[in-house]
Amino acid sequence: MPLDTNERVIETTEKQPLPVLPWLRERAAALRQGWLRIGLPAKLLLLTAVFVMLAEILIFLPSIANYRISWLNDRLTAANVAALAAEAVPGRNVPPALRNELTRTALVRAIAIRRGGARRLVLPPVTEISIDEHFDLRQPADLTMGQDLALRLSQIGDAIALFFAPDDRVIRIVGYLGPRYDDVIEVVLPEEPLKRAMVSYGMNIVYLSIMISLITAALVYFAISALLVRPMMRLSRNMLHFGENPEDASRIITPSGRADEIGTAERELAHMQRQLTQALNQKNRLAPLGLAVSKISHDLRNMLANAQLISDRLTAIPDPTVQQFAPKLIASLDRALNFCNSSLRFGRAEEAAPRRELMRLKPLLEEVAEGLDLPREGKIAWTVDVDDQLLIDADHEHLFRVLSNLTRNAMQAIESQAGRPGEIRVKAWRDGRKVFIEMSDDGPGVPANAREHLFRPFQASTRKDGSGLGLAIASELVGVHGGKLELLDTPIGATFLIELPDRSVR
């Protein structure tokens, strides 16, 4: 029973969260929020200073290690000179005064030399010395890259440890006495002078690093700020300013003309802003126009209804000419009434879903020609190259409107050539489950400036009094069938290609 109790206590203790973790999470969240609130220039300046300081630290550590090795080698050189002076004394019996002067000048306490395997104490210590650390400065000549890197890291570690070592530490240094690797000199010295010299040298490097960091950070900051930050801030300010009133064309950004990515962003932003401004202005103009169209459609529907009633009486007249044209007149009035009703029903000229049926194409083309009084002798020729049995899967009324709009545009293009006669050619064929209809004319063609917005309403008209709705309506009607309408590149006139897939393809 006590064992179970202990286990429960341990389990409960392990499940309890450490109290420091919520504090760390709060601090991390606060730092993250603070970083997000800092502006882009401040972030750039802070990151530049941090990265430059990191680079200086990477330079500082090897510099300190090299300074330490150089200082210790200087002590070995001075100790070698002192040893030579001591060996020059007759009988090698160095007087105490000379010994003290030699060790003081070399900053050592004892010197020993080993030649040919025999070790001799040249300048022995005055009192017994306790050595705290040993360092061997002898370095083999054939070190590999990995061994050299390990040696460098070890020297950096020794240099860093020196700053935290006690001031009264005594060390023993071993190095080569001369060009022969078997001649060795050993020196015992206090580490406090080395530590004092390294602190002074390190502080000089720190001060110099801070100055270099500040100067470099300032130069990098101003350079990047001029090249990137200020243009980005200009873009963001312009987007905010433009978003306040996107219908104001004066708020569109003016590109600086730069050829880099910033210049590309400025040009694309200006292009999008112009498109948005035009779209909003067009929308504002179309709103009252839509209301006017609704009113006109309402009154026009009433007029057409009266005309339909009158045309119905024409069918009772036995005249053959009247009997020939009365059904066509009634069909045209029915189309106009249906279009007015649909406009009033939806409140806008949005096309309804097509009621598709499989029908022959050539009779529909003949109906279009009769409605537009084609051909016109000596003025406009009408040529149809369509198989009598070619079937197309489409809405009769929609396709009639498409072909009528394209034919009417071709007629107007030919009539604009100062009375010169022209020709409209229609060719159609089936390719698998698709039907292609090609309508071309030998008029002046479509200007280059109108091609970009050819199928957009109120933007692509080539006539002074045109609205540009014909091609837009035709493209929309073809689109609801799952097909496409495109302008082909031809040397003479204009050629439009209609692609209509069967319902199974959709």
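You'll find the structure just up there.
Criteria and cut-off values
Residues numbered from 1 in each chain as written. Predicted model: local features only at pLDDT ≥ 70, side-chain atom pairs only at ≥ 80, totals over all residues. Heavy atoms only, no water. Helix = DSSP H or I, 4+ residues; strand = E, 2+ residues; numbered from the N terminus. Buried < 20%, exposed > 50% of the residue type's maximum accessible area, 1.4 Å probe, protein only. Contact = heavy atoms within 4.5 Å. Pairing = 2+ DSSP bridges. Axes fitted to C-alpha atoms, helices over the stretch in contact; angles between N-to-C directions. 1 Å grid on protein atoms, 1.4 Å probe; cavity = no way out; pocket = protein on both sides within 12 Å on 5 of 7 lines; lining within 4 Å. Points joined across faces, edges and corners; volume = space filled by probe spheres on them. Nonpolar A, V, L, I, M, F, W, Y, C, P; charged D, E, K, R; others polar. Salt bridge = Lys/Arg side-chain N within 4 Å of Asp/Glu carboxyl O. Phe/Tyr/Trp six-rings, centres within 6.5 Å; stacked < 30°, edge-to-face > 60°. Lys NZ or Arg CZ within 6 Å of the ring centre and 35° of its normal. Parallel < 35°, antiparallel > 145°, perpendicular 65-115°, else oblique. Left-handed = near helix turned anticlockwise from the far one by under 90°.

This part takes up the side chain of Thr495. Secondary-structure assignment places Thr495 in strand S12 (residues 494-501). The buried category is assigned to Thr495, whose relative accessible area is 6%. In this structure, Thr495 is in contact with Glu438, Met439, Ser440, Glu486, Leu487, Leu488 and Thr490, ignoring residues within four places of it in sequence.

Our focus in this paragraph is the sheet that holds strand S2 (residues 118-123). Spatially, 5 strands are ordered S2-S1-S5-S4-S3 in an open sheet, and the strand pairing comes out mixed. This sheet does not close on itself; its edge strands, each paired only once, are S2 and strand S3 (133-136). Put simply, the sheet's adjacent strands are angled 20° from each other on average, direction ignored. One ladder, built from 7 bridges, connects strand S4 (residues 170-176) with strand S5 (residues 184-190); its direction is antiparallel. The residue of S5 that forms the bridge with Tyr176 is Val184.

Applying the stated criterion across every chain yields a total of 1 cavity of 30 Å³ or more. Of the voids in this model, the largest cavity is the one considered here, and its volume is about 40 Å³. Lining the largest cavity, in full, are Ala394, His398, Leu399, Val402, Leu477, Val478, His481 and Leu500. At the level of elements, helix H10 (396-415) and helix H12 (469-480) are the ones that each hand at least two residues to the lining of the largest cavity. In terms of residue count, the dominant contributor to the lining of the largest cavity is H10 (3 residues). A class-by-class count of the residues in the lining of the largest cavity yields 6 nonpolar, 2 polar and no charged.

Below, the discussion takes up the sheet that holds S12. Backbone-to-backbone hydrogen bonds pair the strands of a sheet. The strands run either parallel or antiparallel. An order of S7-S9-S10-S12-S11 is seen for the 5 strands of this open sheet, with the pairing classed as mixed. Two strands lie at the open edges of the sheet, namely strand S7 (380-385) and strand S11 (484-488), each paired on one side alone. Direction aside, neighbouring strands of the sheet carry axes that sit 15° apart on average. As defined by bridge partners, strand S9 (residues 422-431) adjoins strand S10 (residues 434-441) across 8 bridges and the pair is classed as antiparallel. Across the sheet, Arg425 pairs through a bridge with Ser440, a residue of S10. Of the strands in this sheet, S7, S9 and S10 are in contact with helix H9 (residues 361-371), which crosses S7 at around 170°. Lying on the sheet, H10 is in contact with S7, S9, S10, S11 and S12; it crosses S10 at an angle near 20°.

Overall, the coordinates contain 26 salt bridges when judged by the stated rule. Of the charged contacts in the structure, one is a salt bridge between Asp393 and Arg503, with a shortest N-O distance of 2.8 Å. Of the two residues, Asp393 is situated in strand S8 (residues 391-394) and Arg503 in the segment after S12; the sequence distance between them amounts to 110 residues. By relative accessible area, which is 5% here, Asp393 ends up buried.

For the coordinates displayed, the defined rule picks out 2 aromatic pairs. Considering the side-chain rings of Tyr67 and Tyr201, the 4.3 Å spacing of their centres and the 5° angle between planes classify their relative orientation as stacked. Residue Tyr67 is located in helix H3 (residues 40-87), and its partner Tyr201 is located in helix H6 (residues 192-244); the two are separated by 134 residues in the primary sequence. Taking relative accessible area as the criterion, Tyr67 reaches 24% and is therefore assigned partly exposed. Look at Tyr201 and you get partly exposed, because its relative accessible area is 27%. Here the aromatic rings of Trp429 and Phe436 are separated by 5.7 Å at their centres, their planes lie at 15°, and the arrangement is stacked. Here Phe436 falls in the buried class, since its relative accessible area comes to 13%. The aromatic ring of Phe135 is capped on one face by Arg68, whose charged end is 4.5 Å from the ring centroid.

With an omega of 0°, the peptide bond between Leu374 and Pro375 qualifies as cis. Residue position: Pro375 is located in the loop between H9 and S7. With phi around 60°, Leu107 is a residue other than glycine that occupies positive phi space. Take Leu107: its relative accessible area is 34%, and that puts it in the partly exposed class. Although it is not a glycine, Asp373 adopts a positive phi angle of roughly 60°. Here Asp373 shows up in the loop between H9 and S7. You can call Asp373 exposed: its relative accessible area is 53%.

As a further point, take the packing of H9 against H10. Packing of H9 against H10 brings their axes to within 10 Å, and their N-to-C directions diverge by 50°. Of the possible angle classes, the one that applies to H9 and H10 is oblique. In this structure, H9 meets H10 at a crossing whose hand is right-handed. Contact residues: Leu361, Leu364, Leu365, Glu367 and Val368 in H9; His396, Leu399, Phe400, Leu403, Ser404 and Thr407 in H10.

Read these as layout, nothing more, since geometry by itself doesn't imply function.
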